[in-house]
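In case you want the letters, here they are:
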Amino acid sequence: MLGEQTKTIRFVDTTLRDGQQSLIATRMTTEEMLPILDAMDNAGFYAVEVWGGATFDATMRYLKEDPWERLRTFRKAFTKTKLQMLFRGQNMLGYKCYPDDIVEAFLQKAAENGIDIFRMFDALNDLRNLESSVRTVRKLKKHAQLCICYTLSDIHTEEYYRNLAKRLADMGADSICVKDMAGLLLPGAAVELVKDIKEITKLPVELHSHYTSGLASMSYLQAAEAGCDIIDTSMSPFAMGTSQPATEVMNAALESMGYETGLDKQQLITVADYFRPMRDAAIDSGLLSPKVLTAELSTLMYQVPGGMLSNLVSQMKAQNAEHKFIDVLEEIPRVRADLGYPPLVTPSSQIVGTQAVMNVLLGERYKVVPNETKDFVRGLYGQTPGPISDEIRKKIIGDEKISEVAPAKLLKPGLKDAAIKVKQYKEQEEDVLSYALFPQVAEDFFKFRQAQKYKIDPNLVSGDRQVYPI
């Protein structure tokens, strides 16, 4: 209306990373992406999320591609749009804590190869696990976006999130992302949270949610009205369900509310038309299950993220125990409470989920405890949001003490050792980092790469075919 101040909201498109990760287990090849990158570059996105999360591992493990070469390909294609990656702080792109020298070297190479925005989070919201990452990204003069991993519990109060936002700002965040990995953020809570962050930090706020519970689009609209600056969406063929809200739908909705988005509708149509046959083919092949495209209201009860949900289904099928799936879902909140109410996001989601499966299948809680659960209780992943009772601690690790030291402080530098072990395969400096993160997966990929290069029968090269946890 005349005299009304223009409202602006920007979009980060996740199709090439979280969209395909959430729905088709990160199986989209670089070759499949290439023809549409120019249209995406001209669509008007604030940024595109193209790297990090599960893509690094899966690219080598399943697609036999070099993730670094993929990033360089993206950088050449996107001349107008920022490239963004998801980085798990001290966990990097893996499922354990890595030493500082590997974290710092990886971030430097990621920046050199094309990443502009580093979205960094810690699964426990333990900010000690972000210190090395933030320090390095700021030194590289790249954008440090720090996350609030959103979850629900008696511990995760409005005051908890207000305090966390202030601490993230004090650490040197350039922007703050509310990372709602399980789709738990209700519209009313979105309003209060965005307002609180804007009031306390004065920083740009981005909202990332999954459509698992069916709430995300409503929460996005409410967050926009509360002052949210950026939202994460995926193009409609790889949106909804366990993915993000659809880019085109959110664009239309926000424009109808008077927002300027900067998006080119014709380019969006072109992009959606390109991806739609890929989505249909994934459904036909069974790679994309229609089950993950529906809203799952039990999410609000069990707080299980979509990727974790699909992995649990795979685990139960492998054990011929699908009939106990609901029992596992009910056990997950109990294990989570036992372990100090961690947000369920990688790697804590895998730890809690696996322990819940074991508790149910064995008919006795904590009869068998994986090393990852033991390390979690020992404090080797960081400080849990809530306390772990003496009873649970003793059941899991006996009389061992819980570490009060930041996990990275207990680790020896690992870069030189990785460089020695990968020497026979090394073709680029980045290979050392690939090996440092995923030794066996990287070695299998390097063997495959050599087989291709020297015309050796690739069937002679062994590969890991285990189910990949999203």
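The structure this text deals with has already been given above.
I will try to describe carefully the structure that is included in this document.

A word on the overall build of the protein. Each helix and strand in the protein was counted, giving 21 helices and 10 strands. Computed over the C-alpha atoms, the radius of gyration of the protein is 22 Å, within 12% of the 23 Å expected from 2.2 N^0.38 for a compact globule of 470 residues. Dimensions along the principal axes, computed over C-alpha positions, put the protein at roughly 70 × 60 × 50 Å. Accessible surface, the protein: about 19400 Å² in total, of which carbon and sulfur atoms supply 52%. Here the protein contributes 56 positive and 63 negative side-chain charges, whose respective centroids are spaced 5 Å apart.

Taken as a class, soluble globular proteins show a tendency for nonpolar side chains to be buried jointly. Leu16, Trp51 and Phe106 are the most contacted members of the largest nonpolar core, which totals 98 residues. The element that contributes the greatest number of residues to this core is helix 6 (residues 100-113), accounting for seven residues. Setting aside residues no more than four positions away along its own chain, leucine 16 makes contact with Met28, Met33, Leu37, Met40, Glu49, Val50, Phe74, Phe78 and Phe275. Grouped together as the second largest cluster of nonpolar side chains are 29 residues, Val357, Val360, Ile392 and Ile396 included.

Here helix 5 (residues 67-77) crosses helix 6 at 35 degrees, and the two axes come no closer than 9 Å. Contacts between helix 5 and helix 6 involve Trp68, Leu71, Arg72 and Arg75 from the first element and Phe106, Lys109, Ala110 and Asn113 from the second. Here the contact of helix 5 with helix 6 is built from residues that sort into four nonpolar, one polar and three charged.

Our focus in this paragraph is helix 5. What helix 5 keeps buried is the set Pro67, Trp68, Arg70, Leu71, Thr73 and Phe74. One side-chain oxygen of the residue at the start of helix 5 lies 3.0 Å from the amide nitrogen of tryptophan 68, identifying that residue as aspartate 66.

On to helix 1 (residues 15-24). Among the 10 residues in helix 1, 10 count as buried, and that is most of the element. If you check which residues of helix 1 are buried, you get Thr15, Leu16, Arg17, Asp18, Gly19, Gln20, Gln21, Ser22, Leu23 and Ile24. Remark: alanine 25 follows helix 1 within two positions and exhibits a positive phi of approximately 55 degrees.

Here the focus is a nonpolar patch on the surface. On the surface, Val405, Leu410 and Leu411 cluster together to form a nonpolar patch covering roughly 220 Å² of accessible area. Among the structural elements, leucine 411 can be located in the loop between helix 18 (390-397) and helix 19 (415-421).

Okay, the side chain of asparagine 113 next. You can see asparagine 113 is positioned in helix 6. Separated by 2.9 Å, the side chains of asparagine 113 and arginine 72 make a polar contact.

Right, let's get into the environment of serine 175. With respect to the secondary-structure elements, serine 175 resides in strand 7 (residues 175-180). Expressed as a C-alpha distance, the spacing of serine 175 and alanine 144, which sit 31 residues apart in the sequence, is 6.9 Å. Contact partners of serine 175, with chain neighbours within four places excluded, come to His143, Ala144, Gln145, Leu146, Leu203 and Pro204. A distance of 3.2 Å separates polar atoms of two side chains, one belonging to serine 175 and the other to glutamine 145.

A word on unusual backbone geometry. Cis geometry marks the peptide bond from threonine 346 to proline 347; its omega dihedral reads 5 degrees. With respect to the helices, strands and loops of the structure, proline 347 is situated in the loop between helix 15 (325-338) and helix 16 (348-362). Although it is not a glycine, threonine 26 sits at a positive phi angle of roughly 65 degrees. Along the polypeptide, threonine 26 turns up in the loop between helix 1 and helix 2 (30-33). Under the relative-accessibility criterion, threonine 26 is labelled buried at 1%.

A full pass over the atoms with the stated rule returns 17 aromatic pairs. Here the aromatic rings of phenylalanine 56 and tryptophan 68 are separated by 5.7 Å at their centres, their planes lie at 85 degrees, and the arrangement is edge-to-face. In this pair, phenylalanine 56 is assigned in helix 4 (residues 55-61) and tryptophan 68 in helix 5, connecting sequence segments 12 residues apart. Owing to a relative accessible area of 0%, phenylalanine 56 belongs among the buried residues under this scheme.

Take the sheet that holds strand 3 (residues 47-52) next. In spatial order, the strands read 2-3-4-5-6-7-8-9; together these eight strands close into a barrel with parallel pairing. Pairwise comparison of adjacent strand axes, ignoring direction, gives a mean angle of 30 degrees for this sheet. As judged from the four bridges shared by strand 4 (residues 82-87) and strand 5 (residues 117-120), these two strands associate in the parallel manner. Looking at the pairing, phenylalanine 87 lines up with methionine 120 of strand 5. Across the sheet, helix 1 touches strand 2 (10-13), strand 3, strand 4, strand 8 (205-209) and strand 9 (230-233), and the angle it forms with strand 3 is around 60 degrees. Of the strands in this sheet, strand 6 (143-149) and strand 7 touch helix 8 (residues 158-171), which is tilted by about 165 degrees from strand 6.

With that out of the way, let us pick up the packing of helix 16 against helix 17 (residues 371-378). Viewed as axis vectors pointing N to C, helix 16 and helix 17 meet at an angle of 120 degrees, and their least axial separation amounts to 9 Å. Judged on the interaxial angle alone, helix 17 and helix 16 are oblique. As for the relative orientation of helix 16 and helix 17, their crossing is left-handed in sense. Residues Ser348, Ile351 and Gln355 of helix 16 form the contact with helix 17, whose participating residues are Glu372, Thr373 and Phe376. Taken together, the residues of the contact of helix 16 with helix 17 break down into two nonpolar, three polar and one charged.

Each value, and the rule that gives it
- Residues numbered from 1 in each chain as written.
- Predicted model: local features only at pLDDT ≥ 70, side-chain atom pairs only at ≥ 80, totals over all residues.
- Heavy atoms only, no water.
- Helix = DSSP H or I, 4+ residues; strand = E, 2+ residues; numbered from the N terminus.
- Rg over C-alpha atoms; globule rule 2.2 N^0.38 Å.
- Areas by Shrake-Rupley, 256 points an atom, 1.4 Å probe, with all protein chains shown as cover.
- Lys, Arg positive; Asp, Glu negative; His and termini not counted.
- Charge placed at Lys NZ, Arg CZ, Asp CG, Glu CD.
- Core = buried A, V, L, I, M, F, W, Y, C linked by side-chain atoms within 4.5 Å.
- Buried < 20%, exposed > 50% of the residue type's maximum accessible area, 1.4 Å probe, protein only.
- Contact = heavy atoms within 4.5 Å.
- Axes fitted to C-alpha atoms, helices over the stretch in contact; angles between N-to-C directions.
- Nonpolar A, V, L, I, M, F, W, Y, C, P; charged D, E, K, R; others polar.
- Polar contact = N/O pair within 3.5 Å; in protein donor to acceptor, adjacent residues only side chain to side chain.
- Patch = residues over 30% accessible without salt bridge, like charges linked within 9 Å, V, L, I, M, F, W, Y side chains within 5 Å.
- Salt bridge = Lys/Arg side-chain N within 4 Å of Asp/Glu carboxyl O.
- Phe/Tyr/Trp six-rings, centres within 6.5 Å; stacked < 30°, edge-to-face > 60°.
- Pairing = 2+ DSSP bridges.
- Parallel < 35°, antiparallel > 145°, perpendicular 65-115°, else oblique.
- Left-handed = near helix turned anticlockwise from the far one by under 90°.

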